[in-house]
Structures are given as structure tokens and as C-alpha cells.
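Topology and contacts: notes
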Amino acid sequence: MYSEKAKDVFFSSRLVFSILCSVIFLTSCVTSDEVGRVQWELNEVKKKTDSIEARLTSGEGQGIEESQKATARAVSDLFIRTQELSKEVQRITGLLEEGQYHSEKRLEEAETVKELLSSDVEELKASVEDLKDRLVKLEGSPTGQKEKKEDTVEEVKHKEKELESSEIKDVYMAAYESYKAGSLSEAREKFESFIRDYPENEYTDNTRFWIAESYYRENSFEDAILAYEDLFRKNPDSDKIPGAMLKQGLAFFSLKDNDTGRLILEKLLEKYPDSDQSGAAKKKLEESNSGE
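The shown structure was predicted, so the numbers you read here are calculated from the model rather than taken from an experiment.

Within the protein chain, the regular secondary structure consists of ten helices and zero strands. Starting at the N terminus and walking to the C terminus, you meet the elements of the protein chain as α-α-α-α-α-α-α-α-α-α. Sequence-distant contacts in the protein chain: of pairs separated by 6 or more residues, those separated by 24 or more amount to 55%. Taken as a whole, the protein chain presents about 19,900 Å² of accessible surface, with 53% of it coming from carbon and sulfur.

Set out below in C-alpha cells:
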């Protein structure tokens, strides 16, 4: 039978080997050169442990008493070395974990930067495409096409003007037809509405003249006089001026204001001596003078 001290040595050796195996298991994910070195030393510990076990098993118990102190020291040294190796493995593991953490963090940051750059690139591409489209529209087309486009705009404006002119004429003629039919009040309302909707056009002076005429035909001479005066002020170059002057002079005669009537007719003869209305003006003046 082995001595108690020999058994203690044997079990201590097995304990050391178990501890070493645990260290190997804990650090199995480490792949650096230092861990390789630790693995080699652990193998050496295992060899020495196996040697002690073999000596105990083979019956060398008689000599174990003599070498027991040396063996105990060897086991103690191995145990101390195992602790040192365990600390070294922990240090290496910590370094690897720290390196892995920083690597993962840098990888995440790189991915974020990549996404941001990708987004910026997409926005830049969209801006470039937009600029290309705008350049093609503004400067990229040939000069002839550009001029053609401008001509097209002018044509559209011309057509719009023609449509508006046609509409204006239709509205004016509708009012004039009412006047010719004798619907003087209705015609006057249409003429006044026409001026409000279309203030300045080729029919504006005629419209003011027919408004005044509608009052004259209704024997509303004061309103007629004011309406003729509106034509004189706003359309002084109208070809309706001679006729308006004749009718305004006659309106004053109808209101028994013969002096004013004569002044207006004399002014008509002075400014428009060759007009169609000059003959009627002379006749009225002769009648007025002979009547006195």
C-alpha cells in the first residue's frame, strides 16, 4: 500500500491537472501565440502528473518516501506555475475581449458612416439628374427649337387674344342689337356691364356713345349731356366725337339752354368743318338765330 503522503501527492497532481484542464476549457476560444505557449506548458504539467501516477501504480512506493519531498516541491511548483499561467491566460483573454470590443465598435461606426455616405451619394445623384434635366430644358435644346418654343408661346398669346377679341365683339354686338331693337334700358345695362368687364378695347368709345344716345332717345337730356361729356374726356380721339358734339348741343337746346347749345355747335363747325354732322349743326344754328 502507498503511504498517505504518496496518496496526497498523487491526488494533488490529479487536482493540478484538473485545474489546468479547466483553464484550457475557459480559454479554448483564445487563438494567440501566448495561449499556444500556455497550452504547451500545460502539456508538460500533464506529463509530470502522469509520471507520478505511473510510479505510484507500478509499485515504486518503497522509494516514494525518499523522493516525497522532492515530488511535493515539484507539485507545489507546478501548482504555482499553474496559477501564474491562469493569470496570464486571464490577461490574454481580457486583451482579446477588449480588442474584439473595439473591433466591433469600429465596425459598427464604419457601417454607420457607410450608410450616411450611401445616403449622401444617392442625394447627390438625384441633384445631378435634376440639374441635367434643367440644363437640357434651359440650355441643352438647339437654338432653332428654343425660338420655335418662343414662337409657340407667341402663337398661344395671339390665339388667346383672338378668342378674347371674338368674345368682346359678341358681348358688344348683343348690347347693340338690344339698342337697335328699341330696348334702350336693357341695352344701356349691357353697355355699362361691357365697359366694366372690358374697360379698354376697340369698342369702348362706341359703347360710351350708345349709352349717351340711349338717354337722348329717352329724352333724358341731362343724363345724355353727362354721358357725351364722359366720351369727350375718355376717348377724345374717337370718330364718334362729331356726332356726340352735335347731339350734346341739341340736348342743350332741348333744355332751353340755347347759348350753350350754340357754343357747342359752333365749336363742332370749327373743329370738324368737313364732318357729316357739320351740315345739321349749321342748319340748327341758322334756325336758332332766325328764331330770335
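It is worth spelling out the nonpolar core at this point. Counting 38 residues, the largest nonpolar core has Phe191, Tyr216 and Tyr228 as its most contacted members. If you list the elements that add at least two residues to this core, you get helix H4 (143-180), helix H5 (184-197), helix H6 (204-217), helix H7 (221-234), helix H8 (241-254), helix H9 (258-271) and helix H10 (278-291). At eight residues, H8 tops the list of elements feeding residues into this core.

Turning next to a negative patch on the surface. On the surface, Glu164, Glu167, Asp170 and Asp197 cluster together into a negatively charged patch. Here the element with the most residues in the negative patch is H4; it accounts for three residues. Structurally, the position occupied by Asp170 is in helix H4.

Time to look at the pattern of salt bridges. Two side chains bearing opposite charge may form a pair once their charged atoms approach each other closely. Counted by the stated rule, this structure contains eight salt bridges. Here Glu213 makes a salt bridge to Lys247, at a shortest N to O gap of 2.8 Å. Within this pair, whereas Glu213 is found in helix H6, its partner Lys247 is found in helix H8, the two being separated by 34 residues in sequence. A salt bridge links Asp230 to Arg233, with the shortest nitrogen-to-oxygen separation between them at 3.1 Å. Of this pair, Asp230 and Arg233 both sit in helix H7, separated by three residues, roughly a single helical turn. If you follow the salt bridges from partner to partner, you end up with Arg208, Asp230, Arg233 and Lys234 in one network.

Before going further, it helps to examine the environment of Gln277. Tracing the chain through its elements places Gln277 in the loop between H9 and H10. For the pair formed by Gln277 and Leu246, sequence separation is 31 residues and the distance between their alpha carbons is 6.6 Å. Once residues within four sequence positions are removed from consideration, Gln277 is found in contact with Pro242, Gly243, Leu246 and Leu268.

In this structure, Ala281 sits in helix H10. Once the C-alpha coordinates of Ala281 and Glu266 are considered, the two residues, 15 residues apart in sequence, prove to be 7.7 Å apart.

For Asn206, the location among the structural elements is in helix H6. Judged by its relative accessible area of 17%, Asn206 falls in the buried class.

Here we come to the packing of aromatic side chains. Inspection of the entire model under this criterion finds eleven aromatic pairs. Taking 6.3 Å as the distance between ring centres and 5° as the angle between the ring planes, the aromatic pair formed by Tyr172 and Tyr176 counts as stacked. With Tyr172 and Tyr176 both in helix H4 and four residues apart, this pair spans about one turn of that helix. A relative accessible area of 5% means that Tyr172 is categorised as buried. Relative to Tyr198, the ring of Phe194 lies with its centre 5.5 Å away and its plane at 45°, an arrangement referred to as tilted. Residue Tyr198 is classed as buried on the basis of its relative accessible area, which comes to 14%. Clustering of aromatic rings is evident, with ring pairs tying together Tyr172, Tyr176, Tyr179, Phe191, Phe194, Tyr198, Tyr203, Phe209, Trp210 and Tyr228. The ring of Tyr215 has Arg188 sitting right over it, with the charged end atom 4.2 Å from the ring centre.

For H9, with 14 residues, the first-to-last C-alpha span of 20 Å sits near the 20 Å given by 1.5 Å per residue. Within H9, the full set of buried residues consists of Gly261, Arg262, Ile264, Leu265, Leu268 and Leu269. Angular distribution of buried residues about the axis of H9 spans 165°; they occupy a single face of the element. Of the exposed residues in H9, the ones pointing more than 90 degrees away from its buried face are Asp259, Leu263 and Glu270.

So, how was this worked out
- Residues numbered from 1 in each chain as written.
- Predicted model: local features only at pLDDT ≥ 70, side-chain atom pairs only at ≥ 80, totals over all residues.
- Heavy atoms only, no water.
- Helix = DSSP H or I, 4+ residues; strand = E, 2+ residues; numbered from the N terminus.
- Contact = heavy atoms within 4.5 Å.
- Areas by Shrake-Rupley, 256 points an atom, 1.4 Å probe, with all protein chains shown as cover.
- Core = buried A, V, L, I, M, F, W, Y, C linked by side-chain atoms within 4.5 Å.
- Buried < 20%, exposed > 50% of the residue type's maximum accessible area, 1.4 Å probe, protein only.
- Patch = residues over 30% accessible without salt bridge, like charges linked within 9 Å, V, L, I, M, F, W, Y side chains within 5 Å.
- Salt bridge = Lys/Arg side-chain N within 4 Å of Asp/Glu carboxyl O.
- Lys, Arg positive; Asp, Glu negative; His and termini not counted.
- Charge placed at Lys NZ, Arg CZ, Asp CG, Glu CD.
- Phe/Tyr/Trp six-rings, centres within 6.5 Å; stacked < 30°, edge-to-face > 60°.
- Lys NZ or Arg CZ within 6 Å of the ring centre and 35° of its normal.
- Expected span 1.5 Å × (residues − 1).
- Arc of directions from axis to C-beta.

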